Amino acid sequence: IETLPYTQNNFITFGSFNNLAKITPQVFALWSTVLRSVPGSRLIMKCKPFASLAVKQRILQQFNYHGVDVSRIDLLPLVQSNFEHLKAYEMMDISLDS
């Protein structure tokens, strides 16, 4: 990564490309606290189940429950190649883990 997205966006972008099974209710609560603590920040999540609209809606409901405006959350499905996967890390400033 040559430059962080913050330098162009003027907001922090957190991201996680973890397996959705690792994202527990406690993780949603913690990540929501992080987002509420950093005004204007966004979260990008990427995993295979996000190809399903129903799964996306369920995840967004979790953030909404914890007081996060869901317009700040981007849910992306898996990409086809390893190159595209690694390139997607350029969209985030800080990676979150579960």
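Residues numbered from 1 in each chain as written. Predicted model: local features only at pLDDT ≥ 70, side-chain atom pairs only at ≥ 80, totals over all residues. Heavy atoms only, no water.

K.L.:
Lay out the packing of aromatic side chains in plain terms, naming residues and giving numbers.
P.N.:
Under the criterion given, the structure shown has two aromatic pairs. Centroid distance Phe17 to Tyr89: 4.7 Å. Interplanar angle 55°. Geometry classified as tilted. On the criterion of sequence distance, the pair formed by Phe17 in the loop between strand E1 (13-16) and helix H2 (25-37) and Tyr89 in the loop between helix H4 (82-88) and strand E4 (94-95) is long-range, its members being 72 residues apart. Summarising the aromatic geometry, the rings of Phe28 and Phe63 are spaced 5.3 Å apart at their centres and angled 80° between planes, so their arrangement reads as edge-to-face. A residue pair is termed long-range when its members are at least 10 positions apart, and Phe28 in helix H2 and Phe63 in helix H3 (residues 53-65) qualify at 35 residues. The burial state of Phe28 is the same as that of Phe63; both residues are buried. A cation over an aromatic ring shows up here: Lys46 above the ring of Phe17, its NZ or CZ 4.4 Å from the ring centre. (Phe/Tyr/Trp six-rings, centres within 6.5 Å; stacked < 30°, edge-to-face > 60°. Helix = DSSP H or I, 4+ residues; strand = E, 2+ residues; numbered from the N terminus. Buried < 20%, exposed > 50% of the residue type's maximum accessible area, 1.4 Å probe, protein only. Lys NZ or Arg CZ within 6 Å of the ring centre and 35° of its normal.)

K.L.:
I'd love a proper account of the sheet that holds E1, names of residues and values included.
P.N.:
Across a sheet, strands are paired by hydrogen bonds formed along the backbone, either parallel or antiparallel in direction. Read from one edge to the other, the open sheet built from four strands follows the order E3-E2-E1-E4, with strand pairing classed as parallel. Only two strands of the sheet have a single neighbouring strand rather than two, namely strand E3 (73-76) and E4. The pairing of strand E2 (residues 42-46) with E3 spans four bridges and is parallel. Across the sheet, the residue bridging to Lys46 is Leu76, located in E3. In the packing of H3 onto the sheet, contacts are made with E2 and E3, and the angle to E3 comes to roughly 155°. (Pairing = 2+ DSSP bridges. Contact = heavy atoms within 4.5 Å. Axes fitted to C-alpha atoms, helices over the stretch in contact; angles between N-to-C directions.)

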